[in-house]
Every structure is written in C-alpha cells, then in structure tokens.
Amino acid sequence: MNMDKIVSLAKRRGFAYPGSEIYGGFANSYTYGPYGVELKKNIKDLWWKTFVQDRPDVVGIDGDIILHPKTWKASGHLDNFNDQMVDCKKCKTRVRADELIEEQCKIECEGLSNEDVKKLMQENNVTCPKCGAVDWTDVRQFNLMFSTQMAKTGEDDTAYLRPETAQAIFLEFKNIVNTMRVKLPFGIAQIGKAFRNEITPGNFIFRRLEFEQMEIEYFIFEDSWEKLFDQWLRDMKSWCELIGLKKVHEREHAKEKLSHYSKRTVDLEFDFPFGRKELYGLAYRTDFDLGQHETHSKKELRIHDEASGKKILPHVLEPTWGVDRTVLALLCDAYDEEKVEDGERVVLHLAPIIAPVKVAVMPLMKKDGMGEKAQEIFDLVKVFGNCELDDGGSIGKRYRRQDEIGTPVCVTVDYDTMGKSVETRHGVSLQDTVTIRDRDTMKQERVKIGELVEKLRKSFFDK
Ligand code: GAP
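For every chain, the first residue of its written sequence is number 1, and the numbers climb from 1 along that sequence. Selection of residues for local features in this predicted model requires a pLDDT of at least 70, selection of side-chain atom pairs for listing and counting requires 80 or more, and totals for whole chains, interfaces and linings are taken over all residues. Computation of side-chain values: all heavy atoms of the structure, hydrogens and water removed.

## Some points on the sheet that holds strand 6 (residues 140–143)
Reasoning step 1: In this scheme, strands are said to pair when DSSP sees at least two bridges between them. The secondary structure listing takes helices from DSSP runs of H or I that are at least 4 residues long and strands from runs of E that are at least 2 residues long, numbered from the N terminus. If you walk across this open sheet you meet the three strands as 5-4-6, and the pairing is antiparallel. With one partner strand each, in any of the chains shown, strand 5 (94–96) and strand 6 form the two edges of the open sheet. The sheet shows a mean angle of 50° between the axes of neighbouring strands, taken without regard to direction.
Reasoning step 2: Where strand 4 (residues 82–87) lies against strand 5, three bridges are found, and the strand directions are antiparallel. In the strand pairing of strand 5, Met 85 is matched with Arg 96.
Reasoning step 3: In this description, contact between two residues means that some pair of their heavy atoms is separated by no more than 4.5 Å. Axis definition: a line fitted to C-alpha atoms, limited for helices to the stretch in contact. Angles are taken between N-to-C directions and run from 0 to 180 degrees. Sitting on the sheet, helix 5 (residues 97–105) touches strand 4 and strand 5, and the angle it makes with strand 5 is about 70°.

Printed below as a string of structure tokens:
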C-alpha cells in the first residue's frame, strides 16, 4: 500500500479532490468530496459525543478564527512559532532546514540556532532536493502564522488566523467559570479550523495550510497532573480503538525538545505509508497560557479554591486531535486489496460507526416495483445515518463501488422480494425478504424486511 493508491482512491471515489484544480491546483489544498465530508462529520460528531456530551466534566465552545492580536503575543506564537527555512540560490526552492538535515543526515535539529543549523548543512553537504545544488541562503526564522489586515483604522491593523484552536478556550476561561458552574477538574472543548503557513506542506492531507483540530483544555489542580495525564492518554487510545485505528504508537518528547509551553508531551503516532508520524498529541501546558493571558490582558483569571480558601491559577492538560490526519490514518488503515473469485477488489474496512455510507440499498432493476420497494427500504435503514440508494450498473459493480467507499452492508431487492419468483427457501416463499451482503466477509444472507433493521443493528451498528 502506498500514498499514490490512497490519493487515487480518494479522488476516484469522492473523498478528496485536489483544490482549485481547474486553475492548476493550489498550494497543497484539497476539497473534501461527498464521502470525505461524511467521514469527517462522523469523526467530529463521534468525538463531540464521546468527549463533550457523554462527559459531565467537559463543555464546548465555538470561538472565532481571528482573535485579538494580543492573544498571539501572550501565547508565545508571535515570538516562538517559527520554522527555520533556507532557499536554494540556484533553483529558488524554499525548504525547512531542520527537515532536510534530518532527512539527509539523520541528525535532529530541534533547539539549534540558525547559525548551528547552517553549519550542519555546510559540514554535511546538504543538497537541494529539487536541483541537487549545494548553494544555500542563510537560515532564517519563518513565522508560521498567516497574517491579514483589518479594515479598522488605527495603529497596527495586523491580525492573525489562529494557528491552533486552543487559545480561544483560554480567552473564554473566565466566562465559562462564571456562567457554567464548573469545578476543577473540568475541560473546555472546541472543534474548528486552524491555519499554518507551513513551508513544506505535503503528503496529501497530512500537512496542510488549513486543517481542523479537535482540542480540549482540561483545567486541573497542579498536584493532580501526572495521574490525569495518564488517564487522558488512556482515553485517547480508547478513542483510536473506537474508530478502529490500529498501528498507533506512543512517543514521549525528550525534555529538551518540548514546545515553549509544555512540561510533558506524548504524541500518538501512526504508521503512515511515508513513515511513523504524529497523529495526536497530549501536553501538560502547566499554567503557562492562563498566566500569560493574565499578564497581557491585566485581567484576573484566578479562581477561588474552596479547600485552601485561596485564589489559584489552574494548570492545564491539552489532548489534541487533528481531523484531517484522522481521515488519512483511517483511509490508510482501512485500505486493502483482496483476491476474490472474479479477480481483485479494493476495500475499505472502515468501522461502521465511522463509515461515510452506512447501508447501500440496491434494487436489482428499477422496473417491476423494485425501485419503489428499494425506496421503502431506504426509508427504513436511514435510521443508521447516511445511506445510499444505488441503482446503476450491474450488482457486482455496485458491490465493488460500495466496498471501495467502505459501506459495511448492502441490501438487495430482487424478484424474490417482490414475490415474482418461484424461488423458495425450504418451501417458504421469499416474498418480502431481501439479501444483505457483508462488506468484510462478502457473505450474503436472506432476511425478512420486517426484521431487517433489528438484524442490521445487531450485526453491524451495535457491535
Ligand atoms: N494546541 C496544540 C497544537 O496545536 P500541534 O501538535 O501543533 O498542537 C495538534 O497540533 C494536531 O493538529 C496535530 O497532532 C495534528 O493532528 C494536527 N496538525 C498540526 N499541524 C497540521 C497541519 N499542518 N496539517 C494537518 N494537521 C495538522
């Protein structure tokens, strides 16, 4: 399995198309197609249900993409959210210096100064990945935030598209405390877009300029951080199991390589076709963010602690999930090519809970009442979520298409269903029965229409 196959399936089957394609494509942008958007919605809805609605200790918000510019000074993003970049003087290719050194020399550069990185490039004769030259500009810091201009008049009108959803949560911390009767430990969750001016985006939807995050800031008493960190790690791994993700590994960040706000970070990494890479992260951000916002806004963000009678600044754990990387990991994990009787099939073994189409209903033909019967069955099975009425082409081709988009089960309406066949099963008429076909085993079974919903629930959707 390689990325080309995933990218090709994604386009062929309407998961994701290259963005702005009619203008020749644009900066690694992608448009999620009808199945991609369903898959993404399933991920986000399930995440919201699991971590917000099903938990008494987490509430949600939906903050703005453009926040007060002072936010980013306080959070450290204006000063620290940089990549080290160099340009090839010969072909003008711009790359991340640290990534290039890691790739070509297997040396990690995190924490090194611009001068040290340049020295490493010279000593190791690091070549341009595009033209092969060794002719680099100086290493420079490149801030990853997208900036924009506000229309208002006044001193500095520069604003930024948020590079993480987290900061809106910190800005609303006091409002939540004052209005929601929350008590430590408690979390505030948000799903939304984040923007990063990545120098080298790539690997399909793995590294994008705009992407979606699902984040929780979980506010705690300082002395409980270790216990709750372990608990969150377990919860994050349970989430992977829930959506059917295998090949997930923990990676502890070395102390000297932690982000500017973190005292401990563990990534959950996934074995993508291009290597083991970060999928999700869990960080102990201490009281860094609330402290910074308190200093910069000059507003008190402390809360009253009943036990000690004092005002305290809560500490925070931050579990964070990328939606786009979840989509990619699911596609890679679920993708399979299998030998079947009449050749080979491509199939996505997606967990039913996450599959973009839950049930495909297929009339053998549209005539003789089968089309209308299929519509009736569609109306029954749509309780499971997004379903499809698939009535074009041979049944075999329709099964293959549904296999490729990961539909867990197909229901077929035929002449037996309509009572227009002499076929019987053990002498009993097959009228008002349908065939259900399991995507994974490809086994078919005859089921009474009256028992269909219960059967599908038991065999696929309640498992
Ligand atoms: N608030 C913490 C934070 O933003 P991060 O590790 O930089 O931490 C969190 O990002 C998650 O967002 C990552 O684990 C990843 O899933 C996703 N992510 C980060 N950068 C991305 C990009 N350029 N394209 C797609 N997803 C990205």
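The structure having been displayed, the exposition proceeds.
## A short note on the side chain of Gln 167
Reasoning step 1: Summarising the element assignment, Gln 167 is placed in helix 7 (residues 166–171).
Reasoning step 2: A polar contact of 2.8 Å, which involves the side chain of Gln 167, links it to the side chain of Glu 164.
Reasoning step 3: Contact partners of Gln 167, with chain neighbours within four places excluded, come to Leu 67, Thr 71, Trp 72, Ser 75, His 77, Arg 285, Asp 289 and His 293. The definition of a polar contact used here is a pair of N or O atoms within 3.5 Å, where within protein one atom must be able to donate a hydrogen and the other to accept one, and adjacent residues in sequence count solely through side-chain atom pairs.

## Let's talk about the layout of surface pockets
Reasoning step 1: Lining residues are those with an atom within 4 Å of a point, where the points come from a 1 Å grid over the protein atoms alone and group into cavities, where a 1.4 Å probe fits but cannot get out, or pockets, open sets with protein on both sides within 12 Å along at least five of seven lines. Grid points are joined across faces, edges and corners, and a volume is the space filled by probe spheres set on the points. Volume-wise, the second largest pocket comes out at about 440 Å³.
Reasoning step 2: Pro 352, Ile 353, Lys 358, Phe 460 and Phe 461 are, among the 19 residues lining the second largest pocket, the residues nearest its centre.
Reasoning step 3: At the level of elements, helix 2 (34–53) and helix 14 (452–461) are the ones that each hand at least two residues to the lining of the second largest pocket.
Reasoning step 4: When grouped by side-chain class, the residues that make up the lining of the second largest pocket number nine nonpolar, three polar and seven charged.
Reasoning step 5: Here the lining of the second largest pocket spans two domains, since at least three of its residues come from each of domain 1 (38–69 + 162–330) and domain 2 (357–461). Each residue is assigned to one class: nonpolar for Ala, Val, Leu, Ile, Met, Phe, Trp, Tyr, Cys and Pro, charged for Asp, Glu, Lys and Arg, and polar for all the others, Gly among them. Residue ranges for the domains originate in an automatic or database domain assignment.

## As for the site of the ligand
Reasoning step 1: Near the ligand lie 19 residues; those nearest to it are Glu 164, Arg 196, Glu 215, Glu 278 and Leu 279.
Reasoning step 2: In this structure, Glu 198 approaches the ligand through a side-chain N or O atom, which is 2.8 Å from a nitrogen atom.
Reasoning step 3: At a separation of 2.9 Å, a nitrogen atom of the ligand approaches a polar side-chain atom of Glu 318.
Reasoning step 4: Taking 560 Å² as the accessible area of the ligand by itself, protein coverage stands at 92%.
Reasoning step 5: Of all the secondary structure elements, the ones that give two or more residues to the shell around the ligand are strand 10 (210–220), strand 13 (275–286) and strand 16 (315–322).
Reasoning step 6: Here the shell around the ligand gets four residues from one element, more than from any other, and that element is strand 13.
Reasoning step 7: Taken together, the residues that form the shell around the ligand break down as six nonpolar, three polar and ten charged. The rule for a residue being near a molecule or strand is that one of its heavy atoms must lie within 4 Å of it. Note on areas: Shrake-Rupley, 1.4 Å probe, and residue coverage restricted to the protein chains presented here.

## Describing the packing of helix 5 against helix 6 (residues 114–123)
Reasoning step 1: Running from amino to carboxyl end, helix 5 crosses helix 6 at an angle of 35°, the nearest separation of the two axes being 10 Å. As helix 5 packs across helix 6, the resulting crossing turns out to be left-handed. Judged by residue contacts, Ala 97, Leu 100 and Ile 101 of helix 5 engage Val 117, Leu 120 and Met 121 from helix 6.
Reasoning step 2: A class-by-class count of the residues in the contact of helix 5 with helix 6 yields six nonpolar, no polar and no charged. Two helices that cross are described as forming a left-handed crossing if the nearer one is turned anticlockwise from the farther one by less than a right angle, and a right-handed crossing if clockwise.

## Quick word on the domain arrangement of the protein
Reasoning step 1: Here the domain parsing of the protein yields domain 1 (38–69 + 162–330) and domain 2 (357–461).
Reasoning step 2: Relative to domain 2, the C-alpha centre of domain 1 lies at a distance of 42 Å.

## Structural notes on the sheet that holds strand 24 (residues 433–438)
Reasoning step 1: Within the open sheet, the five strands sit side by side as 20-19-21-24-25. Their pairing is mixed. Two strands close off the open sheet at either side, each with one partner strand: strand 20 (388–389) and strand 25 (444–448).
Reasoning step 2: Relative to strand 25, strand 24 is paired through five bridges, and the arrangement is antiparallel. Of the residues in strand 25, the one forming a bridge with Val 434 is Val 447.
Reasoning step 3: In this fold helix 13 (residues 395–405) packs onto strand 19 (359–363), strand 20, strand 21 (409–413), strand 24 and strand 25, with an angle of close to 170° to the strand it touches most, strand 19.

## Some remarks on the pattern of salt bridges
Two side chains bearing opposite charge may form a pair once their charged atoms approach each other closely.
Reasoning step 1: One side-chain nitrogen of Lys or Arg within 4 Å of one carboxyl oxygen of Asp or Glu is enough to make a salt bridge. Evaluated as defined, the whole model comprises 48 salt bridges.
Reasoning step 2: Of the charged contacts in the structure, one is a salt bridge between Lys 339 and Glu 344, with a shortest N-O distance of 3.4 Å.
Reasoning step 3: Each of the salt bridges in this network shares a partner with another, and the network as a whole consists of Asp 83, Arg 96, Asp 98, Glu 99, Glu 198 and Arg 207.

## Here we look at the environment of Asp 62
Reasoning step 1: Position of Asp 62 among the secondary structure elements: in the loop between strand 3 (58–60) and helix 3 (70–75).
Reasoning step 2: Taking the C-alpha atoms as reference, Asp 62 lies 52 Å from Asp 416; in sequence the two are 354 residues apart.

## Section: the side chain of Thr 433
Reasoning step 1: You can see Thr 433 is positioned in strand 24.
Reasoning step 2: One polar contact links Thr 433 to Arg 446, side chain to side chain, over a distance of 2.8 Å.
Reasoning step 3: Sequence-distant contacts of Thr 433, that is, excluding residues within four places in its chain, are made with Thr 417, Arg 446, Val 447, Lys 448 and Ile 449.

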